[in-house]
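Summary of structural features
Here are the chains, one letter per residue:
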Amino acid sequence: MITELADHPVVAHSVYLAAFWPQRGQSATDLLTAGPPLTWMSPHEDGTLRTIDDLELLRQALCGDVPQQRAYANLRRCVPQSIASCTDPSTAPDRGHPTTYIICEQDQCVPPAAQEEMAAAADHIHRLSSSHQPMASMPDELADALGQIR
(Lines give C-alpha, C1' and ligand atoms only; values in the text may rest on other atoms or scores of the structure.)
Protein backbone atom coordinates (compact mmCIF):
# COMPACT_ATOMS: atom_id res chain seq x y z
CA MET A 1 0.00 0.00 0.00
CA ILE A 2 2.68 2.54 0.90
CA THR A 3 4.42 1.93 -2.41
CA GLU A 4 1.36 3.24 -4.22
CA LEU A 5 1.52 6.46 -2.15
CA ALA A 6 5.17 7.18 -2.94
CA ASP A 7 4.45 10.64 -4.32
CA HIS A 8 1.63 11.70 -1.99
CA PRO A 9 2.38 15.24 -0.70
CA VAL A 10 1.62 14.51 2.96
CA VAL A 11 3.91 11.46 3.16
CA ALA A 12 7.27 12.57 4.52
CA HIS A 13 9.05 9.21 4.83
CA SER A 14 8.12 5.59 4.07
CA VAL A 15 9.32 2.66 6.17
CA TYR A 16 9.25 -0.89 4.88
CA LEU A 17 9.47 -3.43 7.71
CA ALA A 18 10.37 -6.81 6.19
CA ALA A 19 7.79 -5.90 3.58
CA PHE A 20 7.33 -6.37 -0.11
CA TRP A 21 8.50 -3.36 -2.07
CA PRO A 22 7.56 -3.99 -5.67
CA GLN A 23 8.74 -1.57 -8.28
CA ARG A 24 6.33 -0.34 -10.95
CA GLY A 25 5.12 -3.34 -12.93
CA GLN A 26 6.19 -5.93 -10.33
CA SER A 27 3.92 -7.91 -8.02
CA ALA A 28 4.74 -9.36 -4.61
CA THR A 29 4.68 -12.79 -6.25
CA ASP A 30 7.35 -11.65 -8.73
CA LEU A 31 9.62 -10.81 -5.80
CA LEU A 32 9.42 -14.34 -4.39
CA THR A 33 10.01 -16.41 -7.53
CA ALA A 34 13.69 -17.02 -6.76
CA GLY A 35 13.10 -18.24 -3.21
CA PRO A 36 11.66 -21.39 -1.74
CA PRO A 37 7.90 -21.95 -2.12
CA LEU A 38 5.70 -20.52 0.61
CA THR A 39 4.35 -23.38 2.70
CA TRP A 40 2.55 -21.30 5.33
CA MET A 41 -0.23 -20.00 3.08
CA SER A 42 -2.18 -21.23 0.09
CA PRO A 43 -4.55 -19.89 -2.55
CA HIS A 44 -8.21 -20.91 -2.47
CA GLU A 45 -10.82 -21.10 -5.23
CA ASP A 46 -12.68 -18.10 -3.82
CA GLY A 47 -9.77 -15.79 -4.73
CA THR A 48 -8.24 -15.61 -1.26
CA LEU A 49 -4.92 -16.52 0.29
CA ARG A 50 -5.18 -18.20 3.67
CA THR A 51 -2.64 -19.24 6.26
CA ILE A 52 -2.28 -22.90 7.18
CA ASP A 53 -4.16 -24.25 10.19
CA ASP A 54 -1.05 -25.72 11.87
CA LEU A 55 -0.20 -22.96 14.35
CA GLU A 56 3.28 -24.28 15.13
CA LEU A 57 4.33 -24.36 11.47
CA LEU A 58 2.79 -20.92 11.02
CA ARG A 59 4.67 -19.64 14.09
CA GLN A 60 7.95 -20.96 12.69
CA ALA A 61 7.31 -19.17 9.40
CA LEU A 62 6.12 -15.84 10.76
CA CYS A 63 7.37 -15.41 14.32
CA GLY A 64 9.63 -18.23 15.47
CA ASP A 65 11.30 -15.94 18.01
CA VAL A 66 8.00 -15.10 19.75
CA PRO A 67 6.98 -17.26 22.74
CA GLN A 68 4.52 -19.95 21.67
CA GLN A 69 1.48 -18.88 23.72
CA ARG A 70 1.76 -15.24 22.65
CA ALA A 71 2.39 -16.18 19.03
CA TYR A 72 -0.58 -18.53 18.89
CA ALA A 73 -2.89 -15.84 20.23
CA ASN A 74 -1.78 -13.48 17.47
CA LEU A 75 -1.77 -16.09 14.70
CA ARG A 76 -5.34 -17.13 15.43
CA ARG A 77 -6.31 -13.66 14.20
CA CYS A 78 -4.93 -14.16 10.68
CA VAL A 79 -7.64 -13.53 8.11
CA PRO A 80 -7.86 -14.38 4.41
CA GLN A 81 -6.63 -11.76 1.98
CA SER A 82 -7.17 -11.27 -1.70
CA ILE A 83 -4.83 -13.13 -4.04
CA ALA A 84 -4.78 -9.91 -6.08
CA SER A 85 -2.79 -8.25 -3.28
CA CYS A 86 0.12 -10.53 -4.22
CA THR A 87 -0.37 -10.95 -7.94
CA ASP A 88 -1.43 -7.54 -9.26
CA PRO A 89 1.51 -5.48 -10.52
CA SER A 90 2.37 -2.28 -8.72
CA THR A 91 1.44 1.02 -10.33
CA ALA A 92 3.76 2.89 -7.99
CA PRO A 93 4.69 6.45 -8.91
CA ASP A 94 8.22 7.78 -8.50
CA ARG A 95 9.08 8.45 -4.87
CA GLY A 96 8.76 11.99 -3.65
CA HIS A 97 10.25 11.40 -0.20
CA PRO A 98 12.95 9.33 1.57
CA THR A 99 12.49 5.64 2.29
CA THR A 100 13.90 3.33 4.96
CA TYR A 101 13.89 -0.46 4.75
CA ILE A 102 14.22 -2.53 7.93
CA ILE A 103 15.53 -5.99 7.12
CA CYS A 104 14.58 -8.81 9.49
CA GLU A 105 17.52 -11.18 9.25
CA GLN A 106 15.76 -14.26 10.68
CA ASP A 107 12.61 -13.84 8.60
CA GLN A 108 11.12 -17.07 7.25
CA CYS A 109 8.23 -15.25 5.55
CA VAL A 110 9.96 -12.74 3.27
CA PRO A 111 13.44 -14.21 2.76
CA PRO A 112 16.26 -11.91 3.91
CA ALA A 113 17.91 -12.20 0.48
CA ALA A 114 14.73 -10.81 -1.12
CA GLN A 115 14.63 -8.06 1.51
CA GLU A 116 18.25 -7.14 0.70
CA GLU A 117 17.37 -6.80 -2.99
CA MET A 118 14.36 -4.60 -2.28
CA ALA A 119 16.27 -2.56 0.32
CA ALA A 120 18.88 -1.63 -2.28
CA ALA A 121 16.46 1.05 -3.53
CA ALA A 122 16.07 2.61 -0.04
CA ASP A 123 17.76 5.74 1.23
CA HIS A 124 18.43 4.12 4.61
CA ILE A 125 18.68 0.48 5.74
CA HIS A 126 18.44 -0.96 9.26
CA ARG A 127 18.84 -4.61 10.21
CA LEU A 128 17.22 -6.50 13.07
CA SER A 129 18.06 -10.04 14.10
CA SER A 130 14.43 -11.02 14.25
CA SER A 131 11.66 -12.97 12.60
CA HIS A 132 9.03 -11.37 10.40
CA GLN A 133 7.39 -9.83 13.49
CA PRO A 134 9.95 -7.77 15.42
CA MET A 135 7.08 -5.78 16.91
CA ALA A 136 6.30 -8.92 18.94
CA SER A 137 9.79 -10.37 19.42
CA MET A 138 11.95 -7.28 19.97
CA PRO A 139 9.75 -4.19 20.29
CA ASP A 140 12.42 -2.09 22.01
CA GLU A 141 14.98 -2.69 19.27
CA LEU A 142 12.36 -1.95 16.63
CA ALA A 143 11.42 1.28 18.42
CA ASP A 144 15.11 2.26 18.53
CA ALA A 145 15.46 1.64 14.77
CA LEU A 146 12.31 3.66 14.04
CA GLY A 147 13.51 6.43 16.36
CA GLN A 148 16.66 6.84 14.25
CA ILE A 149 14.60 7.77 11.19
CA ARG A 150 14.63 11.49 10.48
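Residues numbered from 1 in each chain as written. Predicted model: local features only at pLDDT ≥ 70, side-chain atom pairs only at ≥ 80, totals over all residues. Heavy atoms only, no water.

What about the overall build of the chain?
Within the chain, the secondary structure is distributed over 7 helices and 6 strands. Mapped from its N terminus to its C terminus, the chain presents α and β elements in the order β-α-β-β-α-α-β-α-β-α-β-α-α. Taken over C-alpha atoms, the radius of gyration comes to 16 Å for the chain, in line with the 15 Å a tight globule of 150 residues would show. Dimensions of the chain, computed from the C-alpha atoms along their principal axes, are close to 40 × 40 × 30 Å. Burial status across the chain gives 37% buried among its 150 residues. Once local pairs closer than 6 in sequence are excluded, the contacts in the chain between residues at least 24 apart make up 64%. Each charge class in the chain was averaged separately, 9 positive and 19 negative side chains, and the resulting centres sit 6 Å apart. (Helix = DSSP H or I, 4+ residues; strand = E, 2+ residues; numbered from the N terminus. Rg over C-alpha atoms; globule rule 2.2 N^0.38 Å. Buried < 20%, exposed > 50% of the residue type's maximum accessible area, 1.4 Å probe, protein only. Contact = heavy atoms within 4.5 Å. Lys, Arg positive; Asp, Glu negative; His and termini not counted. Charge placed at Lys NZ, Arg CZ, Asp CG, Glu CD.)

A look at the nonpolar core
Trp40, Leu62, Leu75, Tyr101 and Met118 are the most contacted members of the largest nonpolar core, which totals 26 residues. When contributions to this core are tallied by element, the ones reaching two or more residues are helix 1 (28–31), helix 2 (55–63), helix 3 (68–75), strand 5 (99–104) and helix 5 (112–119). No other element matches helix 2, which puts 5 residues into this core. Discounting chain neighbours no more than four positions away, the residues touching leucine 75 are Leu55, Leu58, Arg59, Leu62 and Cys63. If you look at the next biggest cluster of nonpolar residues, it comprises 5 residues, including Leu128, Met138, Leu142 and Ala145. (Core = buried A, V, L, I, M, F, W, Y, C linked by side-chain atoms within 4.5 Å.)

A few points about the side chain of glutamine 133
Residue position: glutamine 133 is located in the loop between strand 6 (124–128) and helix 6 (134–137). Among the residues examined, glutamine 133 registers a relative accessible area of 18% and is labelled buried. Setting aside residues no more than four positions away along its own chain, glutamine 133 makes contact with Leu62, Cys63 and Val66.

Brief notes about the sheet that holds strand 3 (residues 48–51)
If you walk across this open sheet you meet the 3 strands as 2-3-4, and the pairing is antiparallel. Each edge of the open sheet is held by one strand with a lone partner, namely strand 2 (41–43) and strand 4 (81–82). With 2 bridges joining them, strand 3 and strand 4 adopt antiparallel strand pairing. What sits directly across from threonine 48, in strand 4, is serine 82. (Pairing = 2+ DSSP bridges.)

A short note on helix 3
When helix 3 is considered as a whole, its buried residues turn out to be Ala71, Tyr72 and Leu75. Burial along helix 3 is one-sided: seen end-on, the buried residues are contained in an arc of 100 degrees. Lining the buried residues of helix 3 we find helix 2. (Arc of directions from axis to C-beta.)

Let's talk about the pairing of strand 5
Within strand 5, 6 of the 6 residues are buried, leaving the element largely enclosed by the surrounding structure. Alternating residues of strand 5 divide into Thr99, Tyr101 and Ile103 and Thr100, Ile102 and Cys104, and every residue in both groups is buried. In this structure, strand 1 (residues 14–17) lies alongside strand 5, joined through 4 bridges in parallel fashion. When the sheet's bridge partners are listed, leucine 17 is paired in strand 5 with isoleucine 102. Bridge analysis of strand 5 against strand 6 gives 5 bridges, and the strand direction is parallel. Within strand 6, the residue paired with threonine 100 across the bridge is histidine 124. Crossover strand 5 to strand 6 through helix 5 is right-handed. (Right-handed = clockwise from strand over helix to strand, strands pointing away.)

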